[in-house]
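Structural features, examined
Okay, here's what each chain looks like letter by letter:
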Amino acid sequence: GAGVSQSPSNKVTEKGKDVELRCDPISGHTALYWYRQSLGQGLEFLIYFQGNSAPDKSGLPSDRFSAERTGGSVSTLTIQRTQQEDSAVYLCASSFDGSGVETQYFGPGTRLLVL
Amino acid sequence: DAKTTQPPSMDCAEGRAANLPCNHSTISGNEYVYWYRQIHSQGPQYIIHGLKNNETNEMASLIITEDRKSSTLILPHATLRDTAVYYCLVRVQGGSEKLVFGKGTKLTVNP
């Protein structure tokens, strides 16, 4: 496919468990972004990757959240010891080049529910 | 904080033009205006962007005032599938170019 893909599409977990969310950006896009959207809320920026490095991690809400990107492509967002307030839709976006005014294209999101 | 303000909701009749306003009075000279929309349970979808001039593509038209303090997104012939939350944003300056979304306008297209 030509778009951004994310997996899983839905994830239900128990409080205290760790979860991993995956994002496959559009081929050739060097910039990758993670956002989250809580029920009825707007999008909240989490982290930005340019290649494999993350120059902006300012949006990560706590040290339970981490992300990595390998090979300049796939990214994984990990949430450790999940809490109920982590329940949200986690969205990934990519753009051709994060240093310019490039359009970000979003994936369908992963809906995380922490019980 | 978002640098834009939009009405929380609007209604439009199917087949009519939908005109969605956005105020961005503190926009910087080299910041672009972007519009995205989010249909229920989907990721945001890029619509259009512009700097100074009016822009048109297959989805919509963007009208930016001369002082760049406001803009209007126009969907020329709204359909039921255009029901969505529409977000107007300006690009945040800084290394990440992250998008800052406000609450958007919930557009409901009625039959």
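Since the structure is predicted, the reported quantities are computational estimates derived from the model, not experimental observations. (Residues numbered from 1 in each chain as written. Chains lettered and ligands numbered in written order. Predicted model: local features only at pLDDT ≥ 70, side-chain atom pairs only at ≥ 80, totals over all residues. Heavy atoms only, no water.)

Right, let's talk about the sheet that holds strand E2 (residues 18-23) of chain B for a bit. Ordered in space as E2-E7-E6-E5 (chain B), the four strands form an open sheet in which the pairing is antiparallel. Here the strands that pair on one side only, and so sit at the sheet edges, are E2 and strand E5 (55-56) of chain B. (Pairing = 2+ DSSP bridges. Helix = DSSP H or I, 4+ residues; strand = E, 2+ residues; numbered from the N terminus.)

Time to look at the side chain of Thr105(B). Residue and element names in this part refer to chain B. Tracing the backbone through its elements, the reader meets Thr 105 in strand E9 (residues 105-110). At 2.5 Å, the side chain of Thr 105 forms a polar contact with the backbone oxygen of Pro 7. Discounting residues that sit within four places of it in the chain, Thr 105 has contacts with Gln 6, Pro 7, Pro 8, Ser 9, Met 10, Leu 20, Ala 84, Val 85 and Tyr 86. (Polar contact = N/O pair within 3.5 Å; in protein donor to acceptor, adjacent residues only side chain to side chain. Contact = heavy atoms within 4.5 Å.)

On to the state of the cysteines, then. Inspection of the entire model under this criterion finds two disulfides over all chains. Between the sulfur atoms of Cys23(A) and its disulfide mate Cys92(A) the distance is 1.8 Å. Torsion about the S-S bond of the Cys23(A) and Cys92(A) cystine: about -65°, corresponding to left-handed handedness. With Cys23(A) in strand E3 (residues 19-24) and Cys92(A) in strand E9 (residues 88-95), this residue pair connects regions lying 69 residues apart in the sequence. In terms of burial, Cys23(A) and Cys92(A) fall into one category: buried. In this model Cys22(B) forms its disulfide with Cys88(B); the gap between the sulfur atoms is 2.1 Å. Residues Cys22(B) and Cys88(B) share a disulfide whose torsion about the S-S bond is about -80°; that sign makes it left-handed. Remark: Cys88(B) occurs in strand E8 (residues 84-90) and Cys22(B) occurs in strand E2; sequence separation between them is 66 residues. On the basis of relative accessible area, Cys22(B) is assigned to the buried category, the value being 1%. With no disulfide of its own, Cys12(B) has Cys22(B) as its nearest cysteine by sulfur position, at a separation of 18 Å. (Disulfide = S-S within 2.5 Å. Buried < 20%, exposed > 50% of the residue type's maximum accessible area, 1.4 Å probe, protein only.)

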